[in-house]
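Per-entry structural report
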Amino acid sequence: MGRKLKKDMLMKRTEISQLKLNINNSTKIQGWIQSIRDKGKIQFIVIRDHSGTVQAILERAENPGLADVIAKLTSETAVTVVGKVCENPHVKMGGIEIQLKELHVENHSESPLPYDLFGKIKPELDFRINWRYLDLRIPENNLIFKVQTLIEMSMREFWIKDGFIEIHSPKLMGTPSESGAELFKVPYFEKTAYLAQSPQFYKQMAMAAGFNKVFEIGPVFRANPSFTSRHDTEFTSVDVEISWIDSHEDIMSFEEKWIKYILLKIKENFGKEIFAKFGVEVEVPDIPFPRISMKEAIKILQKEGYSLPTENKEDLDPNGERLLCKFIKEKYNHDFIFLTDYPVSVRPFYHMRHSSNSLLTKSFDLLWKGLEITTGAQREHRYKVLAQQALEKGLHLEPIQFYLDFFKHGCPPHGGFGFGLTRMLMILLNIKNVREVTFIYRGPNRLFP
RNA sequence: GGGGUCGUAGUGCAGCUCGGUUUAACACGCCUGCCUGUCACGCAGGAGAUCGCGGGUUCAAAUCCCGUCGACCCCGCCA
């Protein structure tokens, strides 16, 4: 290796998306071999990095030694490449190509790959998850997590402008947090601890602590053996809790503004790319979102000829939710619905009840295009009422006494919601399975990778 | 926990109903060779499958029967 080439290899890396600014310059790029078209006397390779792809070319006569190296390359090998960036209108891939001067294999890729990453037919998701690190190299999958990053940033921007405090609640708990979900038990010295299924108790504690408004983005764990395309045993929950509210209406009016802001940011920054890669137009919703009480919803569904499963007359099943969203879309041209005022029977003990109707809670779910993405409510903050409601639900007070205590010394009226981040991604990108929008999926049958 | 569908090369699938011309086909990927402008490159050749596992019926089983294991999807539960 001559002195000049060595120096080339030490130059700063250029992202492939920036190559058009380096026309006629010697440039270094780093990425993966996406395809090799070796014509013998002339060789073409396509190199991909996180920002794009580019074709590189070598005429064998120019550098036979290098040509031999290229002849032995395998798909997805990680390489460093130096060459001259040239304009060439014949090249379909962006009209530019790199004339190779040097190529260094950083990490050879075993051949064959478990599957053809860029083939026409994808293997089943379950198989691809076995090779998640390869699957995530596909630009579409990469985009999912770029979008997720901006979603979380936009959420935080909105909260922080609005004076929220971020909390990090413990994931090891001494008692269930009573969301109705089942629990993972873990040995904890001589005791048993539970993995948090929700930060519910602690975000309410923050209200008692005078934090005014809080949010948390963090993991939650559900031990339900749920075999569906929209459940996992560990997922990222987005939680909000707000003090000094008058009713759950205050929570809903916060959430719709917050969602509108997030979707606006996504549209501005990724709208085109999302449309190109997923075929979905990102729509920024009008506010307020339609609000429909459970009672009205059931009436509408009955009128539409849909009968709910007999054992569950007070709640909607997923089919009912989808149908209701379809109805609202047709009638009000809106993709979101707040479903409000759920009956006591299907809500946890800490949801506040209407003073005018003790059978209904001051609660809501938010449905987006047929999928439930939020559950929220005003919380019961009066100690005696709360304890009474817990007893009515058949709970023992001792294990939750620490929680009940939060309401003994001047806890303000408050409410909040939990929001499913992966479910938002599913709807936003029209992806039918949570596993695909989860970096590393965890489910009843999946503890690896 | 209840129900449904499905297990055939690395991947995606055909064949299974009606057992035997099946030496289990096809596509992508992979390997070898050829090709100086490819870009879903092309051309010629090649390797790769104890048909999920166990048992049974039969002269004969990928195919029929019984059992078993696994995965996925729907319901329930929930974000």
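Keep in mind the model is a prediction, meaning the values are calculated, not measured.

For the rest of this paragraph, the subject is the protein's contact with RNA strand B. Around RNA strand B sit 53 residues in total, of which Asp 38, Lys 39, His 90, Pro 114 and Arg 222 are the nearest. For RNA strand B, the fraction of atoms within 4 Å of the protein that belong to sugar or phosphate moieties is 51%. Ser 111 is positioned with one of its side-chain polar atoms (N or O) 3.3 Å from a sugar or linking oxygen of RNA strand B. Contact distances for RNA strand B include 2.9 Å between a phosphate oxygen and a side-chain N or O atom of Arg 230. Looking at the surface near RNA strand B, the elements that each hand over two or more residues are strand E1 (26-38), strand E2 (42-49), strand E3 (52-59), helix H3 (125-130), helix H9 (318-332) and strand E15 (371-378). A per-element tally of the surface near RNA strand B places E15 first, with four residues.

Another aspect to go through is the sheet that holds E2. Sheets are built from strands that pair by backbone hydrogen bonding, the pairs being arranged parallel or antiparallel. Sheet architecture is closed into a barrel: five strands sit in the order E1-E2-E3-E5-E4, paired in mixed fashion. Across the sheet, the axes of successive neighbouring strands diverge by a mean angle of 50 degrees, strand direction being ignored. Two strands pair when backbone bridges link them, and E3 and strand E5 (residues 96-107) are joined in this way by three bridges, in the parallel orientation. Within E5, the position partnered with Ala 56 by the bridge is Ile 98. Docked against the sheet, helix H2 (residues 64-71) engages E1, E2, E3 and E5, running at close to 65 degrees with respect to E5.

A few words now on a nonpolar patch on the surface. Taken together, the side chains of Phe 127, Trp 131 and Tyr 133 present a nonpolar region at the surface, about 300 Å² in accessible area. Residue placement: Tyr 133 occurs in helix H4 (residues 132-135).

The next subject is the pairing of strand E4 (residues 78-87). Across the 10 residues that make up E4, a large majority, eight, are buried. Across seven bridges, E1 lies against E4 in antiparallel orientation. Within the sheet, the bridge partner assigned to Thr 27 lies in E4 and is Gly 83. Pairing between E4 and E5: 10 bridges, direction antiparallel. Its bridge partner lying in E5, Gly 83 is registered against Leu 100.

Where helix H5 (residues 139-161) contacts helix H7 (residues 248-278), the axes come no closer than 9 Å and their chain directions differ by 155 degrees. Relative to H7, the element H5 is oriented roughly antiparallel. H7 is crossed by H5, and the crossing has right-handed handedness. For the contact of H5 with H7, the per-class residue count stands at 17 nonpolar, two polar and eight charged.

Below, the discussion takes up the pattern of salt bridges. Going through the model one piece at a time under the given rule, you end up with 23 salt bridges. Put simply, Arg 353 and Glu 392 hold a salt bridge, and the shortest N to O gap is 3.1 Å. Pair noted here: Arg 353 is in the loop between strand E13 (336-340) and strand E14 (363-368) and Glu 392 is in helix H10 (residues 383-392), with a separation of 39 residues, a long-range link. Among the residues examined, Arg 353 registers a relative accessible area of 15% and is labelled buried.

Take the sheet that holds strand E7 (residues 172-173) next. Pairing is antiparallel in the open sheet, where three strands are placed in the order E7-E9-E8. With partners counted over all chains shown, the strands left at the sheet margins are E7 and strand E8 (185-188), one partner each. Of the strand pairs in this sheet, E8 and strand E9 (residues 191-195) are connected by four bridges, and their pairing is antiparallel. Considered in E9, the bridge of Val 186 is made with Ala 193.

What follows concerns the nonpolar core. Judged by nonpolar contacts, the single largest core of 51 residues is most densely connected at Ile 151, Met 155, Trp 159 and Trp 258. Top contributing element to this core by residue count: H7, with 12 residues. In terms of nonpolar packing, the next biggest core, distinct from the first, is built from 20 residues, Leu 19, Ala 56, Leu 58 and Val 85 among them.

Conventions used here
- Residues numbered from 1 in each chain as written.
- Chains lettered and ligands numbered in written order.
- Predicted model: local features only at pLDDT ≥ 70, side-chain atom pairs only at ≥ 80, totals over all residues.
- Heavy atoms only, no water.
- Near = heavy atom within 4 Å.
- Polar contact = N/O pair within 3.5 Å; in protein donor to acceptor, adjacent residues only side chain to side chain.
- Helix = DSSP H or I, 4+ residues; strand = E, 2+ residues; numbered from the N terminus.
- Pairing = 2+ DSSP bridges.
- Axes fitted to C-alpha atoms, helices over the stretch in contact; angles between N-to-C directions.
- Contact = heavy atoms within 4.5 Å.
- Patch = residues over 30% accessible without salt bridge, like charges linked within 9 Å, V, L, I, M, F, W, Y side chains within 5 Å.
- Areas by Shrake-Rupley, 256 points an atom, 1.4 Å probe, with all protein chains shown as cover.
- Salt bridge = Lys/Arg side-chain N within 4 Å of Asp/Glu carboxyl O.
- Buried < 20%, exposed > 50% of the residue type's maximum accessible area, 1.4 Å probe, protein only.
- Parallel < 35°, antiparallel > 145°, perpendicular 65-115°, else oblique.
- Left-handed = near helix turned anticlockwise from the far one by under 90°.
- Nonpolar A, V, L, I, M, F, W, Y, C, P; charged D, E, K, R; others polar.
- Core = buried A, V, L, I, M, F, W, Y, C linked by side-chain atoms within 4.5 Å.

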